Amino acid sequence: MDELKASAKPYLISEQEVWEAWVKVRGNKGSSGVDGVSIEAFEADVESNLYKVWNRMSSGTYFPPDVKAVPIPKSGGGTRVLGVPTVADRVAQTVVAEHLSVRVEKVFHPDSFGYRPGRSAVDAVASCRSRCWKYDWVVEFDIRRFFDTVPHDKVVAAVEVHTDARWVVLYVRRWLTAGLRLPDGTRSERLEGTPQGSAVSPVLANLFLHYAFDAWMAREHPGCPFERYADDGVIHCRSLAEARTVLAALRARMAEVGLELHPDKTGIVYCKDSNRRDGFPDIEFTFLGFTFRPRAAENRLGVKFTAFLPAVSKDALKRMSAMVHGWHLHRRTGMTSGNLARMINPVVQGWMGYYGRFYRSAMYPLLDRIGFYLLRWIRKKYRIAWKQAARRMAHGYNLQPRAFAHWTWSPPTGSMTRTTRAV
């Protein structure tokens, strides 16, 4: 019966594809869209809801609802608008995203790291660090308002290269032009761009930028390796002259494909270290939350030197510090230490796992601050003096040294003196 139903549809989409898409959407969680239906509510009648998605997609009658616009603050000031589709729409988008990913992943450039299986931001930073040791110059770039301005016709043209499934192209067109429901309830039409936050946007963005940047770089500047993570990237050059040539060409290329480089986040940087003596004024850049600049280092023989290295950026530290402050740990005297640990450990472990991968000592002041808030919590909870609180926390560490995630790098000492740690 199912085979007969499927054969009567103009588009061949299996119910299994829809189910697998739902499993991914459910695993990613997320909030409700404009219809107010949550993951839990959708799951309560999942068979019926998934059947509607499959039936409409396979018959060509699926029209995406408006995307809910959610403004979030940007690290550099201002706001970025995230688009939150409905749960049903996320399932439909994931069906198309999976179809495209299988076909385009094998042609993507190895220096493209964003939104790809088996690749991460940490991989991009590690590659950048290694290449900064080999190449003296860097062109850092950021595409201004990429997700808001990417041209629809060029996105669709790129999709058409990699699939002959008419339903994929049909729904990509519909998603690109779906309305945006603003917080005040008004509706905004979209003539360009693809909303950040949708399930299909990452593969569409990568596919477009593969042709707009990755393949272009490989063709026009094969001697300049790069790391690109979505619309943010770094290009490595051998000389200042080469960097200037590449940057000028990149500006022209972005204009050619309907995009613009961000003027404040694009420029040329000299990767200065102990062996490089050039007096170029710009010697640092930030990529994926890490600031690359000359830093003190030490080799295995204990010889100190200057290396061009990444460490957590000031903006990232500022955001994390604001979150730590917002926890108000010292006021939570009604909680046990175990409850506090369960509250903060997942977040702190995430910070340590990402920002602590390179030059971890830059994280120590933040971790020490967490320890200080815990010390204040002990003082207020047990109404004791600072020295007694410090001894009590050190005793807790001796009993359970992994109770708090930050203790593995920033252990309490039993006194008010901060321990000294190596880079």
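This write-up is about the structure you can find in this document. (Residues numbered from 1 in each chain as written. Predicted model: local features only at pLDDT ≥ 70, side-chain atom pairs only at ≥ 80, totals over all residues. Heavy atoms only, no water.)

The end-to-end C-alpha separation of helix α4 (residues 46-59) is 20 Å, in line with the 20 Å expected for 14 residues at 1.5 Å each. Within the span of α4, buried status applies to V46, N49, L50, V53, W54, M57 and S58. Taken end-on, α4 shows its buried residues confined to a sector of 150 degrees, consistent with a single buried face. Just past α4, the residue G60 takes up positive phi, approximately 85 degrees. (Helix = DSSP H or I, 4+ residues; strand = E, 2+ residues; numbered from the N terminus. Expected span 1.5 Å × (residues − 1). Buried < 20%, exposed > 50% of the residue type's maximum accessible area, 1.4 Å probe, protein only. Arc of directions from axis to C-beta.)

This paragraph deals with the nonpolar core. Counting 68 residues, the largest nonpolar core has M57, V96, F146, W167, L204, F208 and I235 as its most contacted members. At ten residues, helix α10 (residues 201-220) tops the list of elements feeding residues into this core. Not counting residues within four places of it along the chain, the set of residues in contact with L204 comprises L100, V155, V159, V172 and L176. Core analysis: the next-biggest nonpolar cluster, separate from the first, contains 57 residues, F287, L374, I378 and W409 among them. (Core = buried A, V, L, I, M, F, W, Y, C linked by side-chain atoms within 4.5 Å. Contact = heavy atoms within 4.5 Å.)

Its volume calculated, the second largest pocket comes out at about 590 Å³. For the second largest pocket, the lining is made up of 27 residues, of which N28, T94, S198, A199 and P202 are closest to its centre. Put simply, the parts of the chain that give the lining of the second largest pocket at least two residues each are α2 (15-28), β2 (79-84), α5 (87-104) and α10. In terms of residue count, α5 provides more of the lining of the second largest pocket than any other element does, six residues in total. Class assignment of the residues belonging to the lining of the second largest pocket gives a composition of twelve nonpolar, nine polar and six charged. (1 Å grid on protein atoms, 1.4 Å probe; cavity = no way out; pocket = protein on both sides within 12 Å on 5 of 7 lines; lining within 4 Å. Points joined across faces, edges and corners; volume = space filled by probe spheres on them. Nonpolar A, V, L, I, M, F, W, Y, C, P; charged D, E, K, R; others polar.)

That's the geometry; what it means functionally is another story.
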